[in-house]
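# Report on the structure
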Amino acid sequence: MNAEYAKELDKKDILSKYKAEFYLPKHLYYEANGLGPMSRRSEKTLKRVAEEWKTQLVNGWFSGKIPWFYYPERIAAMESSLAGAHDKELVIIGGTTTNIHSLISAFYQPEGSKTKIVCDTQIFCSDRYALEAQIRLKGYDPEKELILAGGPEPLIDEDDIIRKMDENTALAFLPSVVHSTGQLLDMERLTHEASKRNIVIGFDLSHSIGVVPHKLHDWGADFGVWCNYKYLNGGLGCPATIFIHEKNFGISPAMPGWHGYVKEKQFQKLAHFEAETGAGGWQHGSPLILNIAPLEGSLDMILEAGIDAIRKKSLGMTEYFMSLVDERLSKYGVRILTPRQAHKRGGHVTLLHSASDEITEFLDSGSVVTDKLKASVKAKLAQNTEPTGKNQIRISFSPLFMSYEDVWQTADNLRKLLIF
């Protein structure tokens, strides 16, 4: 497959027009799953809200185009179709880790022998820190109560997770997409199995929201959390989103504050907390309006493009890239770690190579082949060692700001680095 084939794919791509909406570097950018770039629509909504602050001052709480008083709920509602959420089940608040603390503190209620939390063996470090801290706060030992499931390999064995959801499990907290490998877990199945066992289950959707469709409400997930600065392109410092299933609206928020109060009473400054119905009641301090503003513009574009079309192109790009790896890079020691099956992969591809550090540096710096980098790669190859699960190269292809030709160019750049 050559570059002409990629160009033909781009001609048929209904999402190709969106690339022009982003501010992009001259070189290819692979960090959609780390920090999405700014779009012109995000810049516009940020400037609008800043202008509201400039001209309206405190009156902007009720007189802005979208009054700031309702901004976290209104912008979160734009994510409903992406998350598969119903009315009042979403709100934008805080950071992802803070939200995990808040959610686990409320939903993890150990009683009798049901004291354990099941998570995956590849759990993101910050998520693990929060789980361990919450276990300690309830008076238990994380070494005994945090159960790592999924097997020893980088790819998660879902059957092992289900086996470890036993009579001693109080809660399961899992990723939608495993950050290290790009593996998409079967959230519907895992939720069903947890429910059968009377186990509370929640998900971290940070590496799937905006590139994979979800049906959190229909699946029956108890809660969810995700950041908005990756595939949703909300920008650095953009607050995160929480999902509370309506069946759990009666659970008291763990970190109450004035902005989670019943809306019509919020400014009465009453002595005792009364939560607003739904996820909105989980807010605490004043919302970070300027930090949310870029997300409004980005979500407008994402909803216009459509999550189903985004998912279709994402799968097309990752499949095309994997075929290029097989055809052009496997002979140079490059291996694919991400699952091949479409229903088991998210939006990024993880490769394995013994010179993973050098390759990551090469891609991040603009794919410029230098003598020093070439020599370093050659030295690694001379060791004739097979890459391990730690030798990972994560490459994210955003359906909105990348093309099939970009995918082809990525593979060609890697070939130029690895060929001797």
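These lines cover the structure that appears in this document, whether it is placed above or below. These numbers were taken from a predicted model, which means no experiment stands behind them.

### Side note on the pairing of strand β2 (residues 116–120)
Of all five residues that make up β2, five are buried, and the element is covered over most of its length. Neither face of β2 is left uncovered, since the one carrying Lys 116, Val 118 and Asp 120 and the one carrying Ile 117 and Cys 119 both have all their residues buried. The pairing of β2 with strand β4 (residues 169–175) spans three bridges and is classified as parallel. From the neighbouring strand, Ile 117 faces β4, where its bridge partner is Leu 171.

### Brief notes about the nonpolar core
Judged by nonpolar contacts, the single largest core of 92 residues is most densely connected at Met 165, Leu 190, Trp 226, Phe 321, Leu 351, Ile 395 and Leu 414. By residue number, the principal contributor to this core is helix α13 (residues 307–329), which donates ten residues. Once you skip the residues sitting within four places of it in the chain, Leu 190 turns out to touch Glu 158, Ile 161, Ile 162, Met 165, Leu 174, Leu 185, Ile 201 and Phe 203. Counting 24 residues, the second largest nonpolar core, distinct from the first, contains Ile 123, Ala 130, Ala 170 and Ile 244.

### What to know about the environment of Met 38
For Met 38, the location among the structural elements is in the loop between α1 (3–11) and α2 (40–56). Considering only alpha carbons, one finds Met 38 and Gly 297, 259 residues apart in sequence, at a separation of 9.8 Å. If sequence neighbours within four positions are ignored, Met 38 has contacts with Glu 21, Phe 22, Tyr 23 and Glu 43.

### Quick word on the packing of helix α14 (residues 356–364) against helix α15 (residues 371–382)
Axis separation between α14 and α15 bottoms out at 9 Å; the angle between their running directions is 155°. Taken together, α14 and α15 sit at an angle that is classed as roughly antiparallel. Taken as a pair, α14 and α15 cross one another with a handedness that is left-handed. On the side of α14, the interface is formed by Glu 358, Glu 361 and Phe 362, while α15 contributes Leu 373, Ser 376, Val 377 and Lys 380. Residues of the contact of α14 with α15, tallied by class, amount to three nonpolar, one polar and three charged.

### Concerning α15
Across its twelve residues, α15 extends 16 Å between first and last C-alpha, which sits within 8% of the 16 Å expected from 1.5 Å per residue. Along α15, the residues that are buried comprise Leu 373, Lys 374 and Val 377. The buried residues of α15 occupy an angular sector of 100° when projected down its axis, which confines them to one face. Of the exposed residues in α15, those oriented more than 90 degrees away from the buried face are Asp 371, Lys 372, Lys 378 and Ala 382. Those residues of α15 hidden inside the fold are in contact with α14 and α16 (404–418). Just downstream of α15 lies Asn 384, where phi reads positive at about 55°.

Reading the values: rules and limits
- Residues numbered from 1 in each chain as written.
- Predicted model: local features only at pLDDT ≥ 70, side-chain atom pairs only at ≥ 80, totals over all residues.
- Heavy atoms only, no water.
- Buried < 20%, exposed > 50% of the residue type's maximum accessible area, 1.4 Å probe, protein only.
- Helix = DSSP H or I, 4+ residues; strand = E, 2+ residues; numbered from the N terminus.
- Pairing = 2+ DSSP bridges.
- Core = buried A, V, L, I, M, F, W, Y, C linked by side-chain atoms within 4.5 Å.
- Contact = heavy atoms within 4.5 Å.
- Axes fitted to C-alpha atoms, helices over the stretch in contact; angles between N-to-C directions.
- Parallel < 35°, antiparallel > 145°, perpendicular 65-115°, else oblique.
- Left-handed = near helix turned anticlockwise from the far one by under 90°.
- Nonpolar A, V, L, I, M, F, W, Y, C, P; charged D, E, K, R; others polar.
- Expected span 1.5 Å × (residues − 1).
- Arc of directions from axis to C-beta.

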